[in-house]
Each structure stands twice: as structure tokens, then as C-alpha cells.
Amino acid sequence: MFLTVLLSALGTIGGAYCVVISAMGLVRGPLCDTGDGEYIYPFSDRRDNYLFHHDTWSLCKKPEKVVLWNVVLFSILLGIGAIETVLCLVQVINGVIGVICGTCLRKRKINVTRLHQ
């Protein structure tokens, strides 16, 4: 049971890491060529959020549709990471409760069985 709790905690950390990295990828934006041959992050220093201003997506010339790819990829990873974090955290809580209360219930069953004999 302890191994289950340990591995679930590791899964929770991994899911949280995925959420943080995906959020950073969405905030910073893609690495792209703005037309001068140099690859930069054109949305990282802008005050307005590029996610809600689709007209700014045309700043990236190459690769084509890289902004859409970036948004879709990191949004999917963000959602999956959040689900993983929640499920693993529930498993950690379940395992800890199982470790603490599992032995109590076993003792109780033994006592109840002895009373019926």
C-alpha cells in the first residue's frame, strides 16, 4: 500500500509539472520566424495576450500555422496534466486513508467475529 501512495505522489508531481510547463508554453507563445529569417518569441514581450487576439497570429511567418499548433498542443497537455494531477492526488488520499483506517477495520472485524462465536 505504501508503494501505491509513493507512486501516486510521483504521478501527482509529474502531472503538476506538465500543467506548469504547458501554461508557460501557452503564455510565452511559439518560437517562429517573423519574416526576417531570425527565429524569436514574438509574443513573449507583448502586454496584450496573443491568445485572444487572433489578428496578431500573423506575426509568425514560418512555420505555417505554428501559433495554432502551439495553442492546441499546450491546451491539450494542460488539460491532460490537470486530470492526471487530480486523479493521482485522489489516489494518494485514498491510499493514505487505506493505510490509516485499513488496520483499524481489520481489528474491528476480528473482534466482531470473536463475539459471534
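1. Some details on the overall build of the protein chain
Okay, so step 1: From N to C terminus, the protein chain includes two helices and two strands.
Okay, so step 2: When the helices and strands of the protein chain are placed in sequence order, the string is α-β-β-α.
Okay, so step 3: In the protein chain, which comprises 117 residues, the proportion classed as buried is 26%.
Okay, so step 4: Sequence separation of at least 24 residues holds for 59% of the intrachain contacts in the protein chain that already meet a minimum separation of 6.
Okay, so step 5: As displayed, the protein chain has an accessible area near 8,700 Å², and 68% of this comes from carbon and sulfur atoms.

2. Observations regarding unusual backbone geometry
Okay, so step 1: Here the residue pair K62 and P63 is connected by a cis peptide bond, since its omega of -15 degrees sits within 30 degrees of zero.
Okay, so step 2: The phi angle at K65 is positive, at roughly 55 degrees, despite the residue not being glycine.
Okay, so step 3: Inspection of the secondary structure assignment puts K65 in the loop between β2 (39-40) and α2 (66-116).
Okay, so step 4: A residue is classified by how much of its surface remains accessible, and K65, at 65% relative accessible area, is exposed.

3. Side note on helix α1 (residues 2-28)
Okay, so step 1: Between its first and last C-alpha, α1 extends 39 Å over 27 residues, near the 39 Å set by a 1.5 Å rise per residue.
Okay, so step 2: V5, S8, G11, T12, G15, C18, S22, G25 and L26 are the residues of α1 that are buried.
Okay, so step 3: Of the residues trailing α1, G29 is marked for its positive phi of about 90 degrees.

4. Notes on the packing of aromatic side chains
For any pair of aromatic rings, the description consists of the separation of the ring centres together with the inter-plane angle of the planes.
Okay, so step 1: In the structure shown here, the tally under the stated rule is one aromatic pair.
Okay, so step 2: Taking the centre distance of 4.6 Å and the plane angle of 15 degrees together, the rings of F43 and Y50 count as stacked.
Okay, so step 3: Overall, the relative accessible area of 2% leaves Y50 in the buried class.
Okay, so step 4: We note R28 situated over the ring of Y41; from NZ or CZ to the ring centre the distance is 3.8 Å.

5. Thoughts on the state of the cysteines
Okay, so step 1: Per the stated rule, a full pass over the model turns up one disulfide.
Okay, so step 2: Across a sulfur-sulfur distance of 1.9 Å, C32 and C60 are joined as a disulfide pair. Where C32 bonds to C60 through sulfur, the torsion about that S-S bond is close to -60 degrees, and the disulfide is left-handed. One end of the pair, C32, is in strand β1 (residues 32-33); the other, C60, is in the loop between β2 and α2, and 28 residues separate them in sequence.

6. Some details on the confidence of the model for the protein chain
Detailed conclusions should not be drawn from predicted coordinates in areas where pLDDT is low.
Okay, so step 1: Averaged over all residues, the pLDDT of the protein chain equals 84, while 87% of them reach at least 70.
Okay, so step 2: Per-residue pLDDT, averaged within each element of the protein chain, yields its smallest value for α2 (81) and its largest for α1 (92).

Here is what the cut-offs are and how they apply
- Residues numbered from 1 in each chain as written.
- Predicted model: local features only at pLDDT ≥ 70, side-chain atom pairs only at ≥ 80, totals over all residues.
- Heavy atoms only, no water.
- Helix = DSSP H or I, 4+ residues; strand = E, 2+ residues; numbered from the N terminus.
- Buried < 20%, exposed > 50% of the residue type's maximum accessible area, 1.4 Å probe, protein only.
- Contact = heavy atoms within 4.5 Å.
- Areas by Shrake-Rupley, 256 points an atom, 1.4 Å probe, with all protein chains shown as cover.
- Expected span 1.5 Å × (residues − 1).
- Phe/Tyr/Trp six-rings, centres within 6.5 Å; stacked < 30°, edge-to-face > 60°.
- Lys NZ or Arg CZ within 6 Å of the ring centre and 35° of its normal.
- Disulfide = S-S within 2.5 Å.
- pLDDT = per-residue confidence, 0-100.

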